[in-house]
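# Descriptive structure summary
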Amino acid sequence: MNDDEVPAPVSPAPAGTSSRSRGRFRAFGGASAPAPERRRVRVVLAAIMGPIVVATLVGLVVLWPGKSSLVGSQPFGAEGTGMETATITSTSVADCEGAARPLGGYSDDSLLDDAVCARITSGDGEGLVQPVHVPAEFRDSANVGDGLRVMYTPSALASGTPYVFVDYQRQVPVLALSIVYLVLVVAVAGRRGALSVLGLILATCVLMFFMIPALLDLAPPMWVALVGAGAMMLLAVYTAHGISVRTTTALLGTVVGVVIMVVLSLWGVNAANLTGANEESALTLASLVPGLSLRALLTCGMVVAGLGVLNDVTITQASSVWELHAANPSLGRARLFTGGMRIGRDHIASTVYTLAFAYAGTALPLILAASLIDRGVSETMLSGEIAEEIVRTLVSSIGLVLAIPATTAIAALLCRITAGPPSAPIRSAAAVDR
């Protein structure tokens with residue numbers, strides 16, 4: 001257990017203490033009675049986080065998807081087809097237009113209108129240069145040397161080529177960006193940065209191996225969101241920041257924000273008559289998973305969407321209060337709250353447009369498509385597709401705004417107030433943390 005969040009005036013360790021004792025003494029900022037404070041930290045952590053951890057574990061056990069999960073149940077291609085890889089050798093199909101004809105069959109060349117030449121790098125056709133049909137919407141981004149994922153469909157041979165574009169190969173650029181990101185995070189943030197990446201990986205595992213299979217297994221979406229959010233936050237935050245009063249404070253503030261978002265999302269979806277059926281992917285999902293409620297899935301998505309920013313501001317807000325307390329341990333709780341809220345107002349001011357811009361960027365093609373229709377601005381903004389994004393933004397923003405004073409109040413209550421001014425130079429909570 002990390003007892004770093006009990007800053008106190010720094011004073012020299014008593015003479016004659018062992019090196020281990022001096023280390024423990026310094027870890028508590030030179031406090032005169034570290035043992036009681038350590039017990040207080042453990043009691044606070046156990047009393048506050050114990051029920052939350054137990055509830056999360058019980059929820060994981062109860063909602064854990066069974067072997068009947070639909071993950072991977074749909075084949076990617078039709079029977080007789082196969083996924084292969086290829087590399088573009090020319091963007092002009094004239095360079096290989098007749099290459100598929102020796103494979104047999106009569107060709108009407110209907111798939112050659114938007115085709116490129118590519119060297120097949122896997123499967124039975126490995127080494128051959130063949131035409132690959134690329135849909136018009138992907139044609140402009142095709143360049144010589146690009147790697148492709150192609151579907152080998154023998155029945156399409158009569159249309160000019162058995163190879164049809166599926167997607168681009170993106171392993172190299174994505175891997176390169178991931179390595180750069182990891183190196184920069186570790187270089188700038190050190191050990192804590194590496195632990196943050198580990199926390200992200202663990203949280204992603206919760207999403208991939210619990211939340212998605214459980215939702216496809218028709219578990220109640222809102223309960224899946226609550227349990228999954230709790231598990232992700234516990235793993236990510238405690239892994240990155242350690243187990244301490246400060247991180248526990250941030251988690252409690254996050255819990256408050258999540259509960260608010262759950263209530264608001266349930267009300268907002270019903271009050272605004274949002275259906276969650278405005279995207280093609282949602283309709284496809286509903287047809288493949290009978291019994292799945294798209295409205296419930298929409299509310300679940302609203303909660304998950306706000307987790308990242310919500311936890312970011314609560315961690316920062318809790319740290320701000322502890323820094324104020326470290327600077328002046330005799331500062332009263334009311335003064336800590338008002339001082340923390342002065343910082344919190346800046347968080348609120350910045351995050352108001354952060355979420356709005358994030359969702360606007362994600363929904364930009366949708367907004368552009370909707371703007372082409374001849375109707376009023378208000379009617380366009382309140383159409384089903386855009387209204388979902390607006391409600392999602394407002395729900396996350398309200399939860400975030402209210403989580404800031406809640407986190408500030410919890411942090412102020414957990415700080416140990418000492419009598420009188422500091423008797424030694426002030427150490428920050430970050431210094432005590434080391």
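For the structure itself, consult the block above.
So, here is what we can say about the structure in this document. (Residues numbered from 1 in each chain as written. Predicted model: local features only at pLDDT ≥ 70, side-chain atom pairs only at ≥ 80, totals over all residues. Heavy atoms only, no water.)

### Some thoughts on the pattern of salt bridges
Rule in force here: Definition used for salt bridges: Asp or Glu carboxyl oxygen within 4 Å of a side-chain nitrogen of Lys or Arg. A helix here means a DSSP run of H or I that spans at least four residues, while a strand means a run of E at least two residues long, and both kinds are numbered starting from the N terminus. Type-normalised accessible area, obtained with a 1.4 Å probe on protein chains alone, sets the label of each residue: buried when under 20%, exposed when over 50%, and partly exposed for intermediate values.
The full count for this structure, using the stated rule, is two salt bridges. Asp167 is the salt-bridge partner of Arg170, the closest N and O atoms lying 2.8 Å from each other. Linking Glu389 and Arg392 is a salt bridge whose minimum nitrogen-to-oxygen distance equals 3.4 Å. Of this pair, Glu389 and Arg392 both sit in helix H13 (residues 384-414), three residues apart, which is roughly one turn of the helix. By relative accessible area, which is 13% here, Arg392 ends up buried.

### Observations regarding the environment of Ala387
Put simply, the rule reads: For this analysis, residues touch if any pair of their heavy atoms sits within 4.5 Å.
As for its position among the elements, Ala387 is in helix H13. Not counting chain neighbours up to four residues away, the residues in contact with Ala387 comprise Leu274, Met381 and Leu382.

### Quick notes on unusual backbone geometry
The phi torsion at Leu218 lies on the positive side, around 65 degrees, for a residue other than glycine. Mapped onto the secondary structure, Leu218 falls in the loop between helix H4 (171-216) and helix H5 (221-241). Overall, the relative accessible area of 44% leaves Leu218 in the partly exposed class. Even without a glycine there, the phi angle at Asn273 is positive, about 55 degrees. With respect to the secondary-structure elements, Asn273 resides in the loop between helix H6 (245-271) and helix H7 (280-288). Overall, the relative accessible area of 58% leaves Asn273 in the exposed class.

### Concerning the packing of helix H10 (residues 333-362) against helix H11 (residues 364-371)
Definition in use: For helices, the fitted axis covers only the stretch in contact; all axes are lines through C-alpha atoms, and the angles between them, taken along N-to-C directions, range from 0 to 180 degrees. Between 65 and 115 degrees an angle is taken as roughly perpendicular, under 35 as roughly parallel, over 145 as roughly antiparallel, and anywhere else as oblique. Put simply, Ala, Val, Leu, Ile, Met, Phe, Trp, Tyr, Cys and Pro go in the nonpolar bin, Asp, Glu, Lys and Arg in the charged bin, and everything else, Gly too, in the polar bin.
Their axes nearest at 4 Å, the elements H10 and H11 cross at an angle of 70 degrees. In terms of axis orientation, H10 runs roughly perpendicular to H11. Contacts between H10 and H11 pair Ala360, Gly361 and Thr362 from the former with Leu364, Pro365 and Ile367 from the latter. Classifying every residue of the contact of H10 with H11 by side-chain character gives four nonpolar, two polar and no charged.

### Things to note about the pairing of strand E4 (residues 147-152)
For clarity, the threshold we go by: The pairing criterion is simple: DSSP has to find at least two bridges between the two strands.
As judged from the six bridges shared by strand E1 (residues 82-90) and E4, these two strands associate in the antiparallel manner. Bridging across to E4, Thr87 finds its partner in Gly147. Note: E4 against strand E5 (residues 163-168), five bridges, orientation antiparallel. Each residue of the ladder has a partner; that of Tyr152, found in E5, is Tyr163.

Keep in mind these values describe shape, not function.
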